[in-house]
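# Analysis of the macromolecular model
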Number of protein chains: 2
Amino acid sequence: MRATKTPTKLADGRELIYYDEQPGVDRSVEDRRELGATQTSSEIRYDVLLDQWVVIAGHRQERTYLPPTDQCPLCPSTPDRLTEIPAADYDVVVFENRFPSLAQGLPALETTSGPFVRRPGVGRCEVVCFTSDHEASFAQLTPRRVETVLEAWTDRVRELSQLPGVEQVFVFENRGEEIGVTLSHPHGQIYAFPFVPPRTLRTLRSARRHHDQTGACLFCAVIEAERSARVRVVGETPRWVAFVPYAARWPFEVHLSARRHAPDLSALDDEERGELAALYLDVLRRFDGVFGTKMPYIAAWNQAPVRVDRDLAHLYLQVFSIRRSPGMLKYLAGTESGAGVWINDIAPERAADLLRAART
Amino acid sequence: MRATKTPTKLADGRELIYYDEQPGVDRSVEDRRELGATQTSSEIRYDVLLDQWVVIAGHRQERTYLPPTDQCPLCPSTPDRLTEIPAADYDVVVFENRFPSLAQGLPALETTSGPFVRRPGVGRCEVVCFTSDHEASFAQLTPRRVETVLEAWTDRVRELSQLPGVEQVFVFENRGEEIGVTLSHPHGQIYAFPFVPPRTLRTLRSARRHHDQTGACLFCAVIEAERSARVRVVGETPRWVAFVPYAARWPFEVHLSARRHAPDLSALDDEERGELAALYLDVLRRFDGVFGTKMPYIAAWNQAPVRVDRDLAHLYLQVFSIRRSPGMLKYLAGTESGAGVWINDIAPERAADLLRAART
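### As for the overall build of chain A
Along the backbone of chain A there are six helices and 17 strands. In terms of overall size, chain A behaves like a compact globule, its C-alpha atoms giving a radius of gyration of 21 Å where 360 residues would be expected to give roughly 21 Å. Each principal axis of the C-alpha atoms in chain A carries an extent, and together these give about 60 × 55 × 40 Å. A total of 360 residues make up chain A; the buried ones form 50% of that total. For chain A, the proportion of contacts with a sequence separation of at least 24, taken over those separated by at least 6, is 67%.

### As for the pairing of strand E7 (residues 124–129) of chain B
All names here are of chain B. Among the six residues of E7, six are classified as buried, and the element is accordingly described as predominantly covered. Side-chain alternation along E7 places Arg124, Glu126 and Val128 on one buried face and Cys125, Val127 and Cys129 on a second face that is also buried. Across four bridges, the pairing between strand E5 (residues 92–96) and E7 is antiparallel. Opposite valine 94, over in E7, you have valine 128 as the bridge partner. As judged from the six bridges shared by E7 and strand E9 (residues 187–193), these two strands associate in the antiparallel manner. From the neighbouring strand, arginine 124 faces E9, where its bridge partner is alanine 192.

### Let's talk about the pairing of strand E4 (residues 52–56) of chain B
The two faces of a sheet get side chains in turn, since along a regular strand they alternate between them. All names here are of chain B. Burial within E4 is extensive, with five of its five residues counted as buried. Neither face of E4 is left uncovered, since the one carrying Gln52, Val54 and Ile56 and the one carrying Trp53 and Val55 both have all their residues buried. Two successive antiparallel strands, strand E3 (residues 43–47) and E4, enclose a turn made up of four residues, where aspartate 51 displays a positive phi of approximately 55 degrees.

### Observations regarding unusual backbone geometry
Unlike most non-glycine residues, aspartate 51 of chain A shows phi in positive territory, near 55 degrees. Positionally, aspartate 51 of chain A belongs in the loop between strand E3 (43–47) and strand E4 (52–56). Judged by local crowding, aspartate 51 of chain A falls into the partly exposed class, with 14 C-beta atoms found within 10 Å. Non-glycine residue aspartate 309 of chain B carries a positive phi angle of around 55 degrees. Looking at the element boundaries, aspartate 309 of chain B is found in the loop between strand E13 (297–302) and strand E14 (316–321).

### With respect to the environment of leucine 109 of chain B
Residues and elements named next belong to chain B. With respect to the helices, strands and loops of the structure, leucine 109 is situated in the loop between E5 and strand E6 (118–120). Along the sequence, leucine 109 and aspartate 70 sit 39 residues apart, while their C-alpha atoms lie 41 Å from each other. When neighbours within four sequence positions are excluded, leucine 109 is seen to be in contact with Glu43, Arg118, Arg119 and Pro120.

### Quick word on the sheet that holds E13 of chain B
Residue and element names in this part refer to chain B. Pairing is antiparallel across the open sheet formed by eleven strands, whose spatial order is E1-E2-E5-E7-E9-E8-E13-E14-E12-E11-E10. Whereas interior strands pair on both sides, the edge strands pair on one side only; in this sheet they are strand E1 (4–9) and strand E10 (233–236). Taken pair by pair, the neighbouring strands of this sheet meet at an average axis angle of 20 degrees, ignoring direction. Sheet strands touched by helix H3 (residues 218–229): E10, strand E11 (240–243) and strand E12 (252–258). Its angle to E11, the strand with the most contacts, is close to 70 degrees. The sheet contacts of helix H4 (residues 270–290) involve E10, E11, E12, E13 and E14, and relative to E12 the element is tilted by about 175 degrees.

### What to know about the relation of the copies chain B and chain A
In screw terms, the move from chain B to chain A is a rotation of 180 degrees and a rise of 0.0 Å along the axis, fitting with an RMSD of 0.0 Å. Accordingly, the operation relating the two chain copies is best matched by a two-fold axis. Residues of chain B ranked by C-alpha distance from the rotation axis are headed by leucine 332 of chain B, positioned 4.3 Å from it.

### Things to note about the domain arrangement of chain A
All names here are of chain A. When the domains of chain A are assigned, the result is domain 1 (4–195) and domain 2 (199–357). Here the C-alpha centroids of domain 1 and domain 2 sit 24 Å apart. Broken down by secondary-structure element, the contributors of at least two residues to the side of domain 1 that touches domain 2 are helix H1 (143–160) and strand E8 (168–175). Counted by class, the side of domain 1 that touches domain 2 contains twelve nonpolar, six polar and six charged residues.

### Observations concerning H4 of chain B
Residues and elements named next belong to chain B. In this model H4 runs 31 Å from its N-terminal to its C-terminal C-alpha over 21 residues, within 8% of the 30 Å that 1.5 Å per residue would give. Among the residues of H4, those classed as buried are Glu272, Leu276, Ala277, Leu279, Tyr280, Val283, Leu284, Arg286, Phe287, Asp288 and Val290. A positive phi of about 65 degrees marks glycine 292, the residue just after H4.

### Observations concerning the packing of H1 of chain A against helix H4 (residues 270–290) of chain A
Packed helices, taken two at a time, are described by the angle their axes make and the gap between the axes. Residue and element names in this part refer to chain A. Packing of H1 against H4 leaves a shortest axis separation of 9 Å and a crossing angle of 115 degrees. Where H1 crosses over H4, the handedness of that crossing is right-handed. Across from Pro143, Val146, Glu147 and Leu150 in H1, the residues of H4 making contact are Arg273, Gly274, Leu276, Ala277, Ala278, Tyr280 and Leu281. The residue inventory of the contact of H1 with H4, partitioned by class, reads eight nonpolar, one polar and two charged.

### Observations concerning the nonpolar core
Residues Val93, Leu256 and Val283 of chain A together with Val93, Leu256 and Val283 of chain B are the most contacted members of the largest nonpolar core, which totals 223 residues. Among all residues touching valine 93 of chain A, those that are not within four sequence positions of it are Leu16, Ile17, Tyr18, Tyr19, Ile85 and Cys129 of chain A.

### What about the interface of chain B and chain A?
Contacts between chain B and chain A engage 63 residues on the former and 63 residues on the latter. A class-by-class count of the residues in the side of chain B that touches chain A yields 37 nonpolar, 16 polar and ten charged. Bridging between strand E17 (residues 343–344) of chain A and E4 of chain B involves two bridges; their strand directions are parallel. Residue pairing for E4 of chain B: isoleucine 343 of chain A is matched across the bridge by valine 55 of chain B.

### Quick look at H1 of chain A
Since the α-helix packs 3.6 residues into each turn, any two residues three or four apart lie on the same face. All names here are of chain A. Between its terminal C-alpha atoms H1 stretches 25 Å, which fits the 26 Å expected from 18 residues at 1.5 Å a residue. When we look at burial in H1, the residues that qualify are Val146, Glu147, Thr148, Val149, Leu150, Glu151, Ala152, Trp153, Arg156, Val157 and Leu160. Contact partners of the buried residues in H1: strand E2 (15–20), strand E5 (92–96), strand E7 (124–129), E8, strand E9 (187–193) and H4.

What counts and what doesn't
Residues numbered from 1 in each chain as written. Chains lettered and ligands numbered in written order. Predicted model: local features only at pLDDT ≥ 70, side-chain atom pairs only at ≥ 80, totals over all residues. Helix = DSSP H or I, 4+ residues; strand = E, 2+ residues; numbered from the N terminus. Rg over C-alpha atoms; globule rule 2.2 N^0.38 Å. Buried ≥ 20, exposed ≤ 12 C-beta atoms within 10 Å, placed from the backbone. Contact = placed C-beta atoms within 7 Å. Pairing = 2+ DSSP bridges. Axes fitted to C-alpha atoms, helices over the stretch in contact; angles between N-to-C directions. Least-squares fit on C-alpha atoms with pLDDT ≥ 70 in both. Domains from an automatic or database assignment. Nonpolar A, V, L, I, M, F, W, Y, C, P; charged D, E, K, R; others polar. Expected span 1.5 Å × (residues − 1). Left-handed = near helix turned anticlockwise from the far one by under 90°. Core = buried A, V, L, I, M, F, W, Y, C linked by C-beta atoms within 7 Å.

Rendered as structure tokens:
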């Protein structure tokens, strides 16, 4: 790791970690707020019809919602205003979410019976601030800063994978009020889940079947088929390829895939991180360029689970937007949220054309 | 069927069917518009990673979006303004969608190769108008009108199940601009899918496993467990029960389940339809009553597929809302849309309390 890591504690005992691009920065400033201990009462409940876990987090209903800019909790602290980050400036900083959906040390639950199965919502939720500049966005970061973010993510994936009960670490960024983002300061999140999420289970089931039939990796096969077809490829480096998937669900969706069969972020080497930073920025700038407006988007890392099927998994970033035109959003309604059938009004080849032509 | 059914054709050849509560209404008025034939170029593409079909409907990008009230295409026609419904008034009317995501008679597609599998988007999309009153809502219908809607749905399920290539008929209502509804006139939709949708596949897989282990119906077991637990039951008749499911995904979610093991709407008898109408209205009025505002909601019928697993399926209506407080919506962001993990900020027992206490 090129960055300098400094773990600290906030006033209520939550962990906060600085990742500094220059060595020797003084990180001894303390959190001077008076904070009560956070209350977490999460549980996970098993949906016996869908064979999936759902997180029930009743305590989160009162969390901070779109504070004015001068009350942003992710900006550095000033003498007049104390935020979540005690320091006067930072490069990249990670801290435990104050309103977590999943946490450590939860009390045991009463036993239930019949079809009703639940467990404590064990895990951890972290916030990752990409820059101290409130008005910036991920797409405006320097390549060096993206590499620092990648180093921080990698470090967190390694550490969170060691926590008791964690089965998958999910790294993502939500951007834009249109998808419900409550804080506009450039930041992402990390969820350490106590189960393997449905998307991962499904894709690894497909990968297992393909491997049983062919001996090869399904993700690698798709990547090479997309590279041959060209028509949906948006960008490429020797070690990465960005393409709109053949059966894209979202108006604009790109998979940024490692060409090498790597299971997760911790498997990347320096060259892969460097090329990834450049292509990641290129893709996000194309998203903003398509309609000349800041696109709402979700950027979600697809990684191997902590314990199972690590050989089957293949690292990729999924970036997608619900914006389908300058004035229209894609909503999830009856077919998607009710039946689970996605209807995409923009052909993937058309989306790839628009992204390739976008001003960056 | 108590209603009188009169099939007609619109100017471009699409079918329109009146379901009248009184016999002998003259339905001979013709559609006097000059309409070009609708263009449909839908295809379904196989997502090889998720093992699911996605509908690609590039032609739908230009469809009608929130027209002013005086241009509503679902109101009856007047001498001055011709709409989708030629008659001057109607009770319930069903017609083929002018911008369908799925259609009959599509041309064959060029063969593709490798991981890229696609087929024509065969099926049918219909619009169901519940009342000619633009300002009404489903919750304001009379019980008699709800029974007429149920009869129309049942008739359409029977007919659409006969169409070539149709594997499941999906009946639903989207209500509210918050979930992207483009027309505010009270109406629902029917999609006849050329595949069994993911939600149905998943629930029937769970039901098959339960049946193999116990010889009994999983849905029946859940219904009886909810009736015994009481704490999440919102309403009940001798033949139906409405409850918030134990692992609810949405801030407000109710399953309105037939107590008898019935596969789909066409299996209901008159008593079941009558009781359903009353409880359906009660549930929707409680949704509107929780915050004293018109709730955005999705109402989706879960029915048996056309050809397979009809003995395993158990009819229920799923009604859910993304509103979690008077001023806040539940958005699907990274965890839900990226990882497939739902996080619900309202405990199901709390939602049931609020629905039971709602003014109706």
